[in-house]
Structures are given as structure tokens and as C-alpha cells.
Amino acid sequence: MSFIYKLTVNTLIFVVFHYLLPNGLTVKDWTSAIVAAVVLALLNTFLKPLLHFISLPITFISLGLFSIVINMIVLAVDDSLVSGITIHGWGWVFILSLIFSFAQSWLTSVER
């Protein structure tokens, strides 16, 4: 049930920020938002741990701040894989990666 809950929240984040930030994020329709949330979940499961492992020294030296860059990379890969969403520029990728990070942290704290 937790997986479905996270997918729902991620889908809602895509849709809500499409309306709040029309210059930053374009979502074609609800189906594209759902597909983007599923792809993001898969990337967070498989690609993100690999990137964290590879960049462990950089993350350690930067006191964990490099994990923001990893989140940006994962979100940019999601943008490139899903044709129904478009993030307009790296600044918006940065803002959306922060939003997704805070949402996922909040979901983790609520589950416990």
C-alpha cells in the first residue's frame, strides 16, 4: 500500500506543479503524470542507489549536498524518458528535485 501511496503523491506533485509553475513544468495529461511517477519510482529504486554508490566520495566531501545533484539527475532522466512531461531548464529541475525530496522525506516520516 505504501508504494501506491507514494505513486499517488508523486503524480499529484507533477499535476499540481504543472498548474502552479506553467513555465517550469508541462504535463500533457493525467496518464503522463502517472507514467512519470512510475518511471521516477523505478529510477529511485534502481538508478539512484547506483549513483549514490558511485559518488560516495563526492557526497562525503560535500557533506551530503551532492545528493541534490543526484536527485536532479534522476529527475532529468525521468523527463527524458517520459514524453508527456517537460521540465523547462535546470533551474526548474533543481526546484522540482527539492520538492520531490521534501515530499519523499515527509512520506517516510509519516509512515513511521
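Refer to the structure presented above.
Residues numbered from 1 in each chain as written. Predicted model: local features only at pLDDT ≥ 70, side-chain atom pairs only at ≥ 80, totals over all residues. Heavy atoms only, no water.

Enquirer: Help me understand the packing of helix α2 (residues 30-54) against helix α4 (residues 66-81), please; the structure alone is not making it clear to me.
Expert: Axis angle and axis distance: for two packed helices, these are the angle between their axes and the distance between the axes, and together they describe the pair. Where α2 meets α4, the closest approach of the two axes is 9 Å, and the angle between their N-to-C directions is 140 degrees. The angle between α2 and α4 places the two elements in the oblique class. For the element pair α2 and α4, the recorded crossing hand is right-handed. Contacts from A36, V39, L40, L43, N44, L47, K48, L51 and H52 of α2 reach α4 at S67, I70, N71, I73, V74, L75, V77, D78 and L81. Split by residue class, the contact of α2 with α4 holds 12 nonpolar, four polar and two charged. (Axes fitted to C-alpha atoms, helices over the stretch in contact; angles between N-to-C directions. Helix = DSSP H or I, 4+ residues; strand = E, 2+ residues; numbered from the N terminus. Parallel < 35°, antiparallel > 145°, perpendicular 65-115°, else oblique. Left-handed = near helix turned anticlockwise from the far one by under 90°. Contact = heavy atoms within 4.5 Å. Nonpolar A, V, L, I, M, F, W, Y, C, P; charged D, E, K, R; others polar.)

Enquirer: What exactly am I supposed to notice about the nonpolar core here?
Expert: Buried together is how nonpolar side chains tend to be arranged in soluble globular proteins. Counting 26 residues, the largest nonpolar core has F14, L25, L75, L96 and F100 as the members making the most contacts within it. Those elements that provide at least two residues to this core are α1 (2-20), β1 (25-27), α2, α4, β2 (85-87) and α5 (90-111). Broken down by element, this core gets its largest block of residues, six residues, from α2. Every residue in contact with F14, bar those within four places of it in the chain, is listed here: L25, V27, A33, A36, A37, L40, L75, D78, I85 and F100. (Core = buried A, V, L, I, M, F, W, Y, C linked by side-chain atoms within 4.5 Å. Buried < 20%, exposed > 50% of the residue type's maximum accessible area, 1.4 Å probe, protein only.)

Enquirer: I tried to follow the packing of aromatic side chains on my own but got confused; where do I start?
Expert: Describing an aromatic ring pair means giving the distance of the ring centres and the angle of the ring planes. Per the stated rule, a full pass over the model turns up one aromatic pair. Plain terms: the ring middles of F14 and F100 are 5.0 Å apart, the flat faces sit at 55 degrees to each other, and that makes the pair tilted. You can see F14 sitting in helix α1 and its partner F100 sitting in helix α5, a full 86 residues away along the chain. Side by side, F14 and F100 carry an identical accessibility label, which is buried. (Phe/Tyr/Trp six-rings, centres within 6.5 Å; stacked < 30°, edge-to-face > 60°.)

Enquirer: How do you make sense of the side chain of S97 when you look at a structure like this?
Expert: Its location among the elements puts S97 in helix α5. When its relative accessible area of 4% is taken as the criterion, S97 is described as buried. Within the structure, S97 has its side chain in polar contact with the backbone oxygen of F94 (distance 2.8 Å). When sequence neighbours within four positions are dropped, the list of residues in contact with S97 reads I68, N71, M72 and L75. (Polar contact = N/O pair within 3.5 Å; in protein donor to acceptor, adjacent residues only side chain to side chain.)

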